[in-house]
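Breakdown of the fold
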Number of protein chains: 2
Amino acid sequence: MNTQDMQSFFADEETIDRDVSVIFTYFIETLTSVKEAAASLCQETSTAQWKRPNVDEDFRPRHAAKVISLEPIDEGAASVFSSTAVFGSRFSRARVRIAHPIENFGARLPNLLTVAMGEGAFFSHGITSIKLIDIEFPDSFLAAFQGPQFGTAGLRRIIDVFDRPLFFGVVKPNVGLDPAGFAELAREAWVGGLDVAKDDEMLADTAYSPFAQRMQLVGQARQEAEQITGRPKIFIANITDEVDRIIELHDIAVENGVNAVMLNVMAVGLSAVRMLRKRSQVPIIAHFDCIAPMSRHPYFGVSTTVLTKLQRLAGCDAIIMPGFGERMMTSEEEVLANVQECVAPMGSIASVLPVPGGSDWAGTLPQVYERLRTIDFALVPGRGVFGHPQGPRAGAESLVQSWEATVARIDLAEYAEQAPQLRAAIEAFSAAGGQDDTTDGEALIHGYTGAVLSSVMRH
Amino acid sequence: MNTQDMQSFFADEETIDRDVSVIFTYFIETLTSVKEAAASLCQETSTAQWKRPNVDEDFRPRHAAKVISLEPIDEGAASVFSSTAVFGSRFSRARVRIAHPIENFGARLPNLLTVAMGEGAFFSHGITSIKLIDIEFPDSFLAAFQGPQFGTAGLRRIIDVFDRPLFFGVVKPNVGLDPAGFAELAREAWVGGLDVAKDDEMLADTAYSPFAQRMQLVGQARQEAEQITGRPKIFIANITDEVDRIIELHDIAVENGVNAVMLNVMAVGLSAVRMLRKRSQVPIIAHFDCIAPMSRHPYFGVSTTVLTKLQRLAGCDAIIMPGFGERMMTSEEEVLANVQECVAPMGSIASVLPVPGGSDWAGTLPQVYERLRTIDFALVPGRGVFGHPQGPRAGAESLVQSWEATVARIDLAEYAEQAPQLRAAIEAFSAAGGQDDTTDGEALIHGYTGAVLSSVMRH
């Protein structure tokens, strides 16, 4: 690319009409100059060829993506993608913000994804590593989306709880149980104090647990639990299936008195959420399957925060995401950033409930609360409730007790002396690996380089 | 996990009923033993909790995923995921084959993906890197899918060409051109000898090029080109959009005489292909956007070959994939493996046309043919046809001439002496970076480790 061509992919931020542009932030690494690599990235993601041969025209002024800021980060002898060195070469890294005219793709999620993480971005000349780390939308773009129908406020209104985190629970055994046994477990947990019982992400419509039958029994169990406790309850039906069955499964769930649905969003496609949102009568909960393969590498792929933002935009009301604890292989910083994406100002789009999950139980509740510094989240144990040695009712009770202790600022072990369900949970789960502060996993994943790069990946 | 529990996730391959099982092959790396890591992987992707508390039952015999082979590969001081060492520890690596009962998820793509690359697989205890490298399906599972409606044979019948590769071309300028100018370029290229003109993956339904208007004009241009040349022609409309608009756009395209459609598959979701397949009257072409972020890391994520296989299963008739050449950052071995996935025996599922793409032009055709050793592929230039200095008709003619030279075993430069369009192509494109054998990009991407690991990732 000659200097003049290169210059056509740069613009002063002040000259960009923010109302008609989306701004992508990427981390890039290159063996050429970061400026040339950033220009190539703009070219490949927009006007790859900006004129017809022998026609005097140039589509770049109107249609080209343009670099509006370029912050060099550092250089190194080895690539952050592969830790491979190329003899005699230096890798340069930068954080680049690119304004892209919305008219190139419109307010459509698959077309947005094609630009943001398609061929153009991931096969751009001279780029040795690239990670999409943010997308900023103007309010005019956001206004084209419905966003969450219920969100945090709506979920709280359904459950009628406003002064504490919500207690979700994944019914376990997750695979293999018949609908009657399944519904009985959910009922028990609700009676013990669980607000929201849910299908595991792997349990959908199967021969051993036909969806309609499970919905019927779990819908009845929900009503019984509400009558026994005098409290509203939610069941989340996993309606992950071929995309042309999602509405049908939603309808079956709702007809049977089930009052929330779940999609494994990246397994069905983000766009399926937006489709469902137009029809859904109940909250939509997102599960994080298929996100890690494209997001875990610290300097390649796409940030989890981008996908959290897009799930909120598409219309999810609660987002289950990797939470704290070594098993979840997610740094505390990243969990907090994703929680923040659920509630950050976003034009006309409502806040959604963050549900950081993974190996939680009564004993992790105070730690999660302490880290999040808000009650606007849900805990989502599985075995922590349904694997409780005294059964799921006691498992749910142990959550309630843990929260009582947290509010009263009493140490859990001390509180457990007069709370047998909590005591049994501590005996069963604390040794077996609740959350801890072990950072081997984090160090491994985030250990490429030092603090300079790490701080730059934050936005 | 105790030894007895661990053993419940292993089985002799002979004892597995292949008719009711899918077999996943993973590369795994761990700081514990590969045997324990493989057992955890089975547990997390199936019966995470296999019994109710205080109930005498065990869902593992029927529902657990089970390791049927475990090949240790090597050990190292640093992780292949992040090149990070953990003091005093060794990383062990293995290739593991896991039989998973189909009844856990059914013949449903999103549910299959949830098991194959969801929370269970990517957040499994003790696994420091994991890559899904193959899925084997029994014929009974494949029979639940329609697969390609046309496939390679059907596309050849439409184009009525059986003795050479097909010539695809991406109309450029890809962004910004109005429908009339666009249709005129396609017409010119068809007249010059292009078989198939197509929308760029970034061009869909936009205000500056409304889909219906573009289809109308390009449908007319196709008819004109067929009359002029006496040859059948195809136009591929990019119907990538929100998933509930795909069928509508398909119908608009077909009503206007457009005879193929394209989906950016991972941007809309694999399941959208299967939905479209039930309704489509024309071939479905897949584009590879959004695959690289989850597949490029050699030892993490999911292999491109798995996604090629799944796109074929879902019902694509041709699959555009990263081809040869440094820009495509894909090893020759990986391109060939993906081409093979298009044609390998697959029960009742037809072969699909492989379309390895990226920076191709007349000059790369002989090299692609030489590497593939078959005529059953399509070349898909963009600028190589539509950026030809004499225009797209000459660009298409240069492809035809290149194939004439290839068949006659004449060097391109020599043949170009009497073929001015080919000569102009060589002058315009050969310096500017056609494919070459530079392997810096490959070395960078595949440079983690030596030949041992590399050979094991093949299947």
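Notes on the structure follow. (Residues numbered from 1 in each chain as written. Chains lettered and ligands numbered in written order. Predicted model: local features only at pLDDT ≥ 70, side-chain atom pairs only at ≥ 80, totals over all residues. Heavy atoms only, no water.)

Quick look at the overall build of chain A
Across its full length, chain A carries 22 helices and 13 strands. Relative to a compact globule of 459 residues, whose C-alpha radius of gyration would be 23 Å, chain A shows 24 Å and is just as compact. In terms of principal-axis extent, the alpha carbons of chain A reach across some 75 × 45 × 40 Å. Classification of the 459 residues of chain A by burial places 68% in the buried group. A fraction of 76% describes how many contacts in chain A between residues 6 or more apart in sequence connect residues 24 or more apart. Taken as a whole, chain A presents about 15000 Å² of accessible surface, with 49% of it coming from carbon and sulfur. Measuring between centres, the 39 positive side-chain charges of chain A sit 3 Å from its 58 negative side-chain charges. (Helix = DSSP H or I, 4+ residues; strand = E, 2+ residues; numbered from the N terminus. Rg over C-alpha atoms; globule rule 2.2 N^0.38 Å. Buried < 20%, exposed > 50% of the residue type's maximum accessible area, 1.4 Å probe, protein only. Contact = heavy atoms within 4.5 Å. Areas by Shrake-Rupley, 256 points an atom, 1.4 Å probe, with all protein chains shown as cover. Lys, Arg positive; Asp, Glu negative; His and termini not counted. Charge placed at Lys NZ, Arg CZ, Asp CG, Glu CD.)

Points about the packing of helix 18 (residues 392–407) of chain B against helix 20 (residues 420–429) of chain B
Residues and elements named next belong to chain B. Packing of helix 18 against helix 20 leaves a shortest axis separation of 8 Å and a crossing angle of 100 degrees. The orientation of helix 18 with respect to helix 20, classified from their angle, is roughly perpendicular. Residues Ala-394, Glu-397, Ser-398, Gln-401 and Ser-402 of helix 18 form the contact with helix 20, whose participating residues are Gln-421, Leu-422 and Ala-425. A class-by-class count of the residues in the contact of helix 18 with helix 20 yields 3 nonpolar, 4 polar and 1 charged. (Axes fitted to C-alpha atoms, helices over the stretch in contact; angles between N-to-C directions. Parallel < 35°, antiparallel > 145°, perpendicular 65-115°, else oblique. Nonpolar A, V, L, I, M, F, W, Y, C, P; charged D, E, K, R; others polar.)

Remarks on the packing of helix 14 (residues 304–314) of chain B against helix 15 (residues 332–343) of chain B
All names here are of chain B. Running from amino to carboxyl end, helix 14 crosses helix 15 at an angle of 25 degrees, the nearest separation of the two axes being 9 Å. Comparing their axes, helix 15 and helix 14 come out roughly parallel. Along this stretch, helix 14 crosses helix 15, giving a crossing that reads as right-handed. Contact residues: Thr-304, Thr-305, Thr-308, Lys-309 and Arg-312 in helix 14; Glu-334, Ala-337, Asn-338, Glu-341, Cys-342 and Val-343 in helix 15. (Left-handed = near helix turned anticlockwise from the far one by under 90°.)

Details of the side chain of B:Lys233
All names here are of chain B. Tracing the chain through its elements places Lys-233 in the loop between helix 9 (211–229) and strand 7 (234–238). Asp-195 provides the closest opposite charge to the buried, unpaired Lys-233, separated from it by 5.0 Å. There is a polar contact of 3.0 Å between the side chain of Lys-233 and the backbone oxygen of Trp-190. Here Leu-194 takes part through its backbone oxygen, which lies 2.8 Å from a polar atom of the side chain of Lys-233. (Salt bridge = Lys/Arg side-chain N within 4 Å of Asp/Glu carboxyl O. Polar contact = N/O pair within 3.5 Å; in protein donor to acceptor, adjacent residues only side chain to side chain.)

So, the pattern of salt bridges
Residue and element names in this part refer to chain A. Within this structure, the stated rule accounts for 68 salt bridges over all chains. Note that Glu-75 is salt-bridged to Arg-90, the shortest N-O span being 3.7 Å. Here Arg-90 lies in the loop between strand 2 (66–76) and strand 3 (91–101) and Glu-75 lies in strand 2, a separation of 15 residues in the sequence. Looking at Glu-75, the relative accessible area reads 46%, which means it is partly exposed. Exposure remark for Arg-90: the relative accessible area of 45% places this residue in the partly exposed category.

Description of the relation of the copies chain A and chain B
Overlaying chain A on chain B yields an RMSD of 0.0 Å, the required transformation being a rotation through 180 degrees with an accompanying axial translation of 0.0 Å. Here the copies are linked by what is in effect a two-fold axis. Taken together, the interface assignments show that 99% of the residues at the interface of chain A recur at the interface of chain B, consistent with an identical surface on both copies. (Least-squares fit on C-alpha atoms with pLDDT ≥ 70 in both.)

Details of the nonpolar core
A general feature of soluble globular proteins is that nonpolar side chains tend to end up buried together. One finds A:Tyr26 and B:Tyr26 to be the most contacted residues of the largest nonpolar core, which totals 294 residues. Those residues within four positions of A:Tyr26 in sequence are excluded, and the remaining contacts are A:Leu41, A:Ala94, A:Arg95, A:Val96, A:Ile98, A:Val115, A:Ala116, A:Ala121, A:Ile130, A:Lys131, A:Leu132 and A:Ile133. (Core = buried A, V, L, I, M, F, W, Y, C linked by side-chain atoms within 4.5 Å.)

Points about the interface of chain A and chain B
On the chain B side, the residues contacting the 101 residues of chain A number 100 residues. Across the chain A/chain B interface, buried area totals approximately 8400 Å², and carbon plus sulfur atoms make up 58% of it. Where chain A meets chain B, there are 14 salt bridges. Of the charged contacts, one joins A:Arg274 and B:Glu242 as a salt bridge, the two residues approaching to 2.5 Å between their closest N and O atoms. At the junction of chain A and chain B, the tally comes to 43 residue pairs in polar contact (both at pLDDT 80 or more). Examining the composition of the side of chain A that touches chain B, we find that 7 residues originate from one element, helix 4 (residues 109–117) of chain A, more than from any other. (Buried area = accessible area lost by both parts, 1.4 Å probe.)

Considering the packing of aromatic side chains
Tallied over the full model, the rule gives 24 aromatic pairs over all chains. A centroid spacing of 5.3 Å and a plane angle of 40 degrees characterise the contact between A:Phe141 and A:Phe145, whose relative ring orientation is tilted. With respect to burial, A:Phe141 and A:Phe145 carry one shared label: buried. Pairing B:Trp190 with B:Phe235 gives two aromatic rings, centres 6.2 Å apart and planes at 80 degrees, and the pair type is edge-to-face. Residue B:Trp190 is located in helix 8 (residues 179–192), and its partner B:Phe235 is located in strand 7; the two are separated by 45 residues in the primary sequence. On the basis of relative accessible area, B:Trp190 is assigned to the buried category, the value being 0%. On the accessibility criterion, B:Phe235 (0% relative accessible area) is buried. (Phe/Tyr/Trp six-rings, centres within 6.5 Å; stacked < 30°, edge-to-face > 60°.)

Some points on the sheet that holds strand 13 (residues 378–379) of chain A
All names here are of chain A. Strand order in the open sheet formed by 8 strands is 12-11-9-8-7-6-5-13, with parallel pairing between adjacent strands. If you trace the sheet from one side to the other, it starts and ends with strand 12 (353–357) and strand 13, each paired once. With 3 bridges connecting them, strand 7 (residues 234–238) and strand 8 (residues 260–264) associate as parallel partners. In the strand pairing of strand 8, Ile-236 is matched with Ala-260. Sheet strands in contact with helix 8 (residues 179–192) are strand 6 (196–198) and strand 7, and its direction is about 160 degrees off that of strand 6. (Pairing = 2+ DSSP bridges.)

Observations concerning the side chain of B:Lys309
Examined against the element boundaries, B:Lys309 turns out to sit in helix 14. In contact with B:Lys309, other than residues within four places in its own chain, are B:Asp134, B:Ile135, B:Phe137, B:Glu341 and B:Met346.

Remarks on the pairing of strand 11 (residues 318–322) of chain B
Residues and elements named next belong to chain B. By the criterion of burial, strand 11 is predominantly enclosed, with 5 of the 5 residues buried. In terms of strand pairing, strand 9 (residues 284–287) meets strand 11 through 2 bridges, oriented parallel. Across the sheet, the residue bridging to Ala-286 is Ile-319, located in strand 11. Sheet analysis places strand 11 next to strand 12 (residues 353–357), joined by 5 bridges and oriented parallel. Residue Pro-322 lies in a different strand from strand 12, and its bridge partner there is Gly-357. For the segment spanning strand 11, helix 15 and strand 12, crossover handedness is right-handed. (Right-handed = clockwise from strand over helix to strand, strands pointing away.)

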